[in-house]
Amino acid sequence: MTRTLTTWAGRDRAGAHTVRSDDGVLTLDLRLVDAGLYMQRELRRPRAGRVTQANIFATRDAFARWSEADPLRFDYPIVHARLLRMADHLFDEHDTPRTAG
């Protein structure tokens, strides 16, 4: 069975912000959606497999709780710090009122 991804779930989608570890094991894609912050995390282990996790966080607090519970923050502290900064920036954009028209 062939599976295709929607345009917003693709690897090179417009408007996505990517944070990667230097070793290429951990990749996080962030994007604003109407419901909040969409995050897709991909963990690749050489000769083992790939685990993909996707979430939508409606609030900063929900994202903060998830990120504080993520054990990979200890393995990749620099990636975690970049992720937090990027998420804050995107939540700021999401919370900023936009003028219609």
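Now for a look at the structure at hand. Computed from a prediction, not measured in an experiment: that's the story for all the values here.

1. A word on the overall build of the protein
Here comes step 1: The number of helices and strands found in the protein is three helices and four strands.
Here comes step 2: What you see in the protein, going N to C, is helices and strands ordered as β-β-β-β-α-α-α.
Here comes step 3: Residue burial in the protein is summarised as follows: out of 101 residues, 33% are buried.
Here comes step 4: Counted over contacts in the protein with a minimum sequence separation of 6, partners at least 24 positions apart contribute 39%.
Here comes step 5: Entry remark: accessible area of the protein is about 6900 Å², with carbon and sulfur atoms responsible for 52%.

2. Remarks on the pattern of salt bridges
Opposite charge on two side chains permits them to pair, given that their charged atoms come into close proximity.
Here comes step 1: Enumeration over the complete set of coordinates arrives at five salt bridges.
Here comes step 2: As a salt-bridge pair, Arg41 and Asp70 come within 2.6 Å of each other at their nearest N and O atoms. Note that Arg41 is positioned in strand β3 (residues 36–45) and Asp70 in the loop between α1 (60–69) and α2 (72–75), a separation of 29 residues in sequence.
Here comes step 3: Owing to a relative accessible area of 9%, Asp70 belongs among the buried residues under this scheme.
Here comes step 4: Look at the salt bridges and you will find they share partners, linking Glu42, Arg44 and Arg50 into a network.

3. What to know about the nonpolar core
Here comes step 1: By size, the foremost hydrophobic cluster in this structure holds 19 residues, and its most contacted members are Leu26, Leu28, Leu30, Leu37, Phe63 and Trp66.
Here comes step 2: Elements with a contribution of two residues or more to this core: β2 (26–33), β3, α1 and α3 (77–95).
Here comes step 3: Sorting elements by how many residues they give to this core places α3 first, with five residues.
Here comes step 4: In this structure Leu30 touches Gly15, Ala16, His17, Leu37, Tyr38, Met39, Leu83, Met86, Ala87 and Leu90, once residues within four positions along its chain are discounted.

4. A closer look at the pairing of strand β1 (residues 17–20)
Here comes step 1: In the sheet, β1 pairs with β2 via four bridges, with the strands oriented antiparallel. Each residue of the ladder has a partner; that of His17, found in β2, is Leu30.

5. Quick notes on the environment of Arg73
Here comes step 1: With respect to the secondary-structure elements, Arg73 resides in helix α2.
Here comes step 2: By relative accessible area, which is 23% here, Arg73 ends up partly exposed.
Here comes step 3: Taking the C-alpha atoms as reference points, Arg73 and Leu83, separated by 10 residues in sequence, lie 9.9 Å from one another.
Here comes step 4: Those residues in contact with Arg73 that lie beyond four places of it in its chain are Ser67, Glu68 and His80.
Here comes step 5: A polar contact of 3.1 Å, which involves the side chain of Arg73, links it to the backbone oxygen of Asp70.

About the thresholds
Residues numbered from 1 in each chain as written. Predicted model: local features only at pLDDT ≥ 70, side-chain atom pairs only at ≥ 80, totals over all residues. Heavy atoms only, no water. Helix = DSSP H or I, 4+ residues; strand = E, 2+ residues; numbered from the N terminus. Buried < 20%, exposed > 50% of the residue type's maximum accessible area, 1.4 Å probe, protein only. Contact = heavy atoms within 4.5 Å. Areas by Shrake-Rupley, 256 points an atom, 1.4 Å probe, with all protein chains shown as cover. Salt bridge = Lys/Arg side-chain N within 4 Å of Asp/Glu carboxyl O. Core = buried A, V, L, I, M, F, W, Y, C linked by side-chain atoms within 4.5 Å. Pairing = 2+ DSSP bridges. Polar contact = N/O pair within 3.5 Å; in protein donor to acceptor, adjacent residues only side chain to side chain.

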